[in-house]
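# Chain and residue survey
Residues per chain are reported as follows:
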Amino acid sequence: MTSSLPLAGAIGSSLKGRNNLILHPNDTHCIYPLGSTIVVKNVERADDQLFLQGHTDRVTCMAITRDGNTLASGQITHMGYLAEIILWDISGLSAETPTDPVLIVRLKLHKVMVQALDFSANGKYLASIGGPDDNNLVIWNVETGAAICGSPAAHDTCLTVKWMNTEEDHLSTGGVKNLRMWRLDPVGRKVRPVDVITSKEVRTYTCMVVSADDQIVYCGTTTGDIIAISSVKKTMINQGPAKGSCPRCGVQSIALVGEQLIVGSGDGELMVMDRHTFVPTMVQSVLGGVTSIAMDSAGEFFFAGTDKSNVYLVQFDGLVAELKTTAHSEPVNDIIFPRSYSDLFATCAGSDIRIWHSGTLSELLRVQVPNQVCNCISFMPKGDAIVSGWNDGKIRSFLPQSGGLQFVINEAHRLTGVGNSSGGVMPSNGVTSICPSNDGKRLISGGADGQVRVWAISKGTQVMIASMKEHKGPVYAIAIKADDTECVSASADGSCITWSLTDAAPFVRINALFAANFFKCVAYHPDESQLITCGTDRKITYWDVMNMSAIRIVDGSETADVNSLHINADGRFFVSGGADKKVNLWNYDEGSKYFEGLGHSGAVNAVRISPDEQRIISVGTEGGIYVWKIPESFTA
Amino acid sequence: MATESIYNLIPQPVPPPVKEALYRSKHPGDKPTTFSTFGLTGTSKPGYVNVAGAEEATKGGQHEYKKPFATMGKDGNAVPPTEVLKKKTGGGGGAYAAAMGLSDQTGAFLYSDRLKPALPSKEELKQVLKASVAVKKAEPKNFVTSNAVENILAVPKREPEPINWFQKPHFGTTPPYLVKIKQEIADEYEYIRSMQQQDDSGVPPGMKQLPEEERQALVDALKSKWQDVNKAYQGSCVLSLKSLDTIGKVKRKEMYEAQLAQIEKDIEKLSRKVILVADD
């Protein structure tokens, strides 16, 4: 009954893994993972995105053949299960009439995680290395999709694998205290290792690059030096750079252009050094550890991806870096649209609040408060401020164009301890929910301390006019009626309380509902006669506002919490997202699920329908922002 | 400082600048500038031209600027040196003579031809004065006679006629202005009295009757308030007996009912025909 929700766009890139950013040999397509989705993006046109969906969890590594026809991607999965490698036929990308990529085959052999992948020079073989629980090297035949042979990769964890450039049956692997060169015997179905002698140097090898003539393999280490080994003698022949000029936080990525090595370090430095002397000639700093370097075919430009999800286009001559795309690298906590304006939306993740253009999916504004975490954001109804709740118990308001700080309400909510009454760890502290009134004069905030507070907001002063203390757990959501007479707060203590905001009965509890549930989200149906809630009991529940009795209980998810809900303007449909990594589109009256969006690799933290009701935006713990198209057949 | 708005964050696309056509002045290029002094040398209009900034090039002066012969003489005017102008053969007299038609007059020019007669001399003037004084002395004025003659011939003065007060209009009656003032005073008293009589008609002193439209407005407002309170009452959770589980709910129910009863009472009171309200 449920069909798949079409993905219209995505912001984000999971570049924490090494070499996850790939430039297609046609130099126009950038390929990178975003959660469990692989994004193929046109370098020139930001809106030209393709999504490869097939993985069930976070994509950990990727590789592409030299001719650019086949892509391999490996994933992580639950403990005790087999992690898949998927081979994709992407030859349609560079064709005259582009065709969509096709999933060729799923290769299942590694346990839990695929650590690294590499194609041989002629594209005949694929080498894969399993994660720490598996730690096997497996050689696959790309054409048939069958495993040729496998072998334990090393005694300790293996991290990287690289084929030689010309010899089709030689490859090398590196990892924690191990560096090996292998010879493949395809007829005898064997792969035989030789340990490289590195004399006294004991290193953890993270990345490798092979010189064009196959003579030397350069291995980057977590120590920050580069070790050159001879592929003939299988011994270390050189080492550098000198101690003072070493890349800090280890070498995370390495590439070779002619006689020059490009090295990306864990603290965000790009270095160009001579491959014989290892003397750095140029250094450029970028934001975040450089985990991927993707050269273009001419060797003039390369893309550098960092673990802060920034992608830079760097000119090799002079190392001039230009920020091409940026995204959240931390869990995104909230997303909000300005009132009846779909052209932009704001998200908050970690210490950042970012505003994005809905059309181009580009960043318009970024506000940062170092070392704090923003839990919730909202726009004032007139659009003259972004109000946000932070884990230090403060409410901060920012100007929407300059991003300047408008006001801070200090100690808006009391900070709680790290544990809660049931012994669990509080996922968020301080101000956990925020909701402005529709007249823009008041602000209602809910905190981890269980209090719901009403603030009178004017140009110069912010005064608390009521503090309503009834909840025993963090208040995760607040919804207000259109006429500002009543609001409802949902708390993790298993209750939702409606509060009167009128002068007739100021700031008292009107009614409450109780359930065995950590409520995560609450919303009024637009006619305000019903409430809809979700939480850790995996149910979506409809409630009567008058007497707070449950009207209908729907299974929001079979497996996991439902974290977020949003209902459209006329109440015909609503969207939900949860820890099952799915975004679901429901018909309200029928209470049935029509569409299911797959793409997140972490829990969905917030979902929202755009005011024009064309799109759904969902954000998740993996840092991705997904834009889904609401099918026209559904809205019509 | 203009307040910021999220709705202005997205920069609007700037339209490409439209290239305008090459500027061509509507004024003629050969127009002399205002107060131009070009080409005016030797003309009858010295100094400058086109003070008003006219479009058309204006002529400089009465005479055209002709100086092509300034150095070389007139074209075809090469008179042989032998043919010089002989003495007393020209017209003579210049422009004046030409104007007076004297140009063909032969003979030398004489100033005496155009002189006026000489003014009388000092001696002649003395003679004339002496003669007039002598005439006056010969005939002295007889003031007595002349006075008598004047008085005899004079017309006697007329006395003004005395007013006959008995003939005056309103004789023996009260003057109209007094009647008018007395009438005004009486009217004033009458008006005050009528006012006082009106006040006495049913309304006690210090009170006034509420106008009908004001009363109706009050009743309407009370009715709409009753509806608001009733809506809140009906919409709240305190209706059913089952849900009256807390003191707060019971109190709220009572509060709503008391409010509704009070409003109903007020409406009833205001529904009477005559409503008197105290002044101030």
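Residues numbered from 1 in each chain as written. Chains lettered and ligands numbered in written order. Predicted model: local features only at pLDDT ≥ 70, side-chain atom pairs only at ≥ 80, totals over all residues. Heavy atoms only, no water.

The name an unreviewed UniProt entry gives chain B is Enkurin domain-containing protein, with Chrysochromulina tobinii as the organism.

As named in an unreviewed UniProt entry, chain A is Cilia- and flagella-associated protein 52, taken from Chrysochromulina tobinii. According to the UniProt record, the Sequence similarities (unreviewed entry) comment for chain A reads "Belongs to the CFAP52 family." (UniProt positions renumbered as here; feature names shortened; annotations may be inferred.)

## Looking at the overall build of chain B
Scanning chain B from N- to C-terminus turns up 6 helices and 2 strands. For chain B, the succession of helices and strands along the chain, N to C, is α-α-α-α-β-α-α-β. Looking at chain B as a whole, 12% of its 280 residues qualify as buried. Taking all contacts inside chain B whose residues are at least 6 apart in sequence as the whole, residues at least 24 apart take part in 46%. Of the roughly 25,500 Å² of accessible surface on chain B, 59% is carried by carbon and sulfur atoms. (Helix = DSSP H or I, 4+ residues; strand = E, 2+ residues; numbered from the N terminus. Buried < 20%, exposed > 50% of the residue type's maximum accessible area, 1.4 Å probe, protein only. Contact = heavy atoms within 4.5 Å. Areas by Shrake-Rupley, 256 points an atom, 1.4 Å probe, with all protein chains shown as cover.)

## Comments concerning the pairing of strand β45 (residues 495-500) of chain A
All names here are of chain A. Taken across its 6 residues, β45 has 6 buried, putting it largely inside the fold. Of the two faces of β45, the one holding S495, I497 and W499 and the one holding C496, T498 and S500 are both buried throughout. When strand β44 (residues 486-491) meets β45, the two strands line up antiparallel, connected through 5 bridges. Each residue of the ladder has a partner; that of S489, found in β45, is I497. Once β44 ends, the chain turns through 3 residues before running back antiparallel as β45, passing G494 with a positive phi of about 90°. (Pairing = 2+ DSSP bridges.)

## A look at the environment of F119 of chain A
Residues and elements named next belong to chain A. Tracing the backbone shows F119 in strand β11 (residues 114-119). The spacing of F119 and W163 is 44 residues in sequence and 6.9 Å in space, taken between C-alpha atoms. Contact partners of F119, with chain neighbours within four places excluded, come to A63, I64, T65, T70, L71, A72, L87, Y125, L126, V142 and W163.

## Here we look at the packing of aromatic side chains
All names here are of chain A. A complete count under the given rule lists 15 aromatic pairs over all chains for this structure. Ring geometry for Y218 against F278: centres 6.2 Å apart, planes inclined by 75°, an arrangement best described as edge-to-face. Of this pair, Y218 sits in strand β20 (residues 216-221) while F278 sits in the loop between β25 (269-274) and β26 (280-285); the two residues are 60 residues apart in sequence, bridging distant segments of the chain. Across this residue pair, the class does not change: Y218 and F278 are buried. An angle of 55° between the planes, with centres 5.4 Å apart, marks the rings of Y594 and F634 as tilted. (Phe/Tyr/Trp six-rings, centres within 6.5 Å; stacked < 30°, edge-to-face > 60°.)

## Re the environment of K111 of chain A
Residues and elements named next belong to chain A. Its place among the elements puts K111 in strand β10 (residues 102-111). Among the residues examined, K111 registers a relative accessible area of 47% and is labelled partly exposed. Taking the C-alpha atoms as reference points, K111 and N135, separated by 24 residues in sequence, lie 8.6 Å from one another. Those residues in contact with K111, other than ones at most four positions away along the chain, are Y81, L82, A83 and D134.

## Section: the pattern of salt bridges
Residue and element names in this part refer to chain A. By the definition in use, this model includes 25 salt bridges over all chains. The residue R183 makes a salt bridge to D169 at a minimum N-O spacing of 3.7 Å. A residue pair is termed long-range when its members are at least 10 positions apart, and R183 in strand β17 (residues 178-185) and D169 in the loop between β15 (158-163) and β16 (170-175) qualify at 14 residues. Taking the relative accessible area as the measure of exposure, R183 reaches 48% and is therefore partly exposed. (Salt bridge = Lys/Arg side-chain N within 4 Å of Asp/Glu carboxyl O.)

## Some words on the UniProt feature "repeat: WD" (unreviewed entry) in chain A
Residue and element names in this part refer to chain A. UniProt's entry tags residues 431-465, 468-509, 522-553, 555-596 and 597-636 with the feature "repeat: WD" (unreviewed entry), counted in the numbering of this structure. Within residues 431-465, the helical portion is 0% and the strand portion 66%, while the C-alpha atoms at the span's ends are 17 Å from each other. Summarising residues 597-636: 10% helix, 48% strand, and an end-to-end C-alpha distance of 19 Å.

## Looking at the sheet that holds strand β23 (residues 251-257) of chain A
All names here are of chain A. An order of β23-β24-β25-β26 is seen for the 4 strands of this open sheet, with the pairing classed as antiparallel. The sheet is open, and its two edges are formed by β23 and β26, each paired on a single side. Here the strands of the sheet are splayed against their neighbours by 20° on average, with no regard to which way each runs. Sheet analysis places β25 next to β26, joined by 5 bridges and oriented antiparallel. When the sheet's bridge partners are listed, L270 is paired in β26 with Q284. (Axes fitted to C-alpha atoms, helices over the stretch in contact; angles between N-to-C directions.)

## Focus on unusual backbone geometry
Residues and elements named next belong to chain A. Cis geometry marks the peptide bond from G240 to P241, where omega comes out at -10°. As for its placement among the helices and strands, P241 is situated in the loop between β22 (235-240) and β23. Unusually for a residue other than glycine, V112 sits at a positive phi of about 65°. Its location among the elements puts V112 in the loop between β10 and β11. The phi dihedral of M548 falls on the positive side, at around 55°, and the residue is not glycine. Relative to the elements of secondary structure, M548 occurs in the loop between β49 (539-544) and β50 (550-555).

## Examining the side chain of T432 of chain A
Residue and element names in this part refer to chain A. Within the element layout of this structure, T432 appears in strand β39 (residues 431-436). In this structure T432 comes out as buried when scored by relative accessible area, which is 6%. In terms of polar contacts, T432 uses its side chain to reach the backbone carbonyl oxygen of V475, at 2.4 Å. Sequence-distant contacts of T432, that is, excluding residues within four places in its chain, are made with N375, C376, G446, G447, A448, V475 and Y476. (Polar contact = N/O pair within 3.5 Å; in protein donor to acceptor, adjacent residues only side chain to side chain.)

## A short note on the packing of helix α5 (residues 212-235) of chain B against helix α6 (residues 247-270) of chain B
Residues and elements named next belong to chain B. Where α5 contacts α6, the two axes come as close as 10 Å, and the packing angle between them is 165°. Comparing their axes, α6 and α5 come out roughly antiparallel. The hand of the α5/α6 crossing is left-handed. Between α5 and α6, the contacting residues are R215, L218, V219, L222, K223, K225, W226, V229, N230, A232 and Y233 on the first element and K253, Y256, E257, Q259, L260, I263, E264, D266, I267 and L270 on the second. Its residues placed into classes, the contact of α5 with α6 shows 12 nonpolar, 2 polar and 7 charged. (Parallel < 35°, antiparallel > 145°, perpendicular 65-115°, else oblique. Left-handed = near helix turned anticlockwise from the far one by under 90°. Nonpolar A, V, L, I, M, F, W, Y, C, P; charged D, E, K, R; others polar.)

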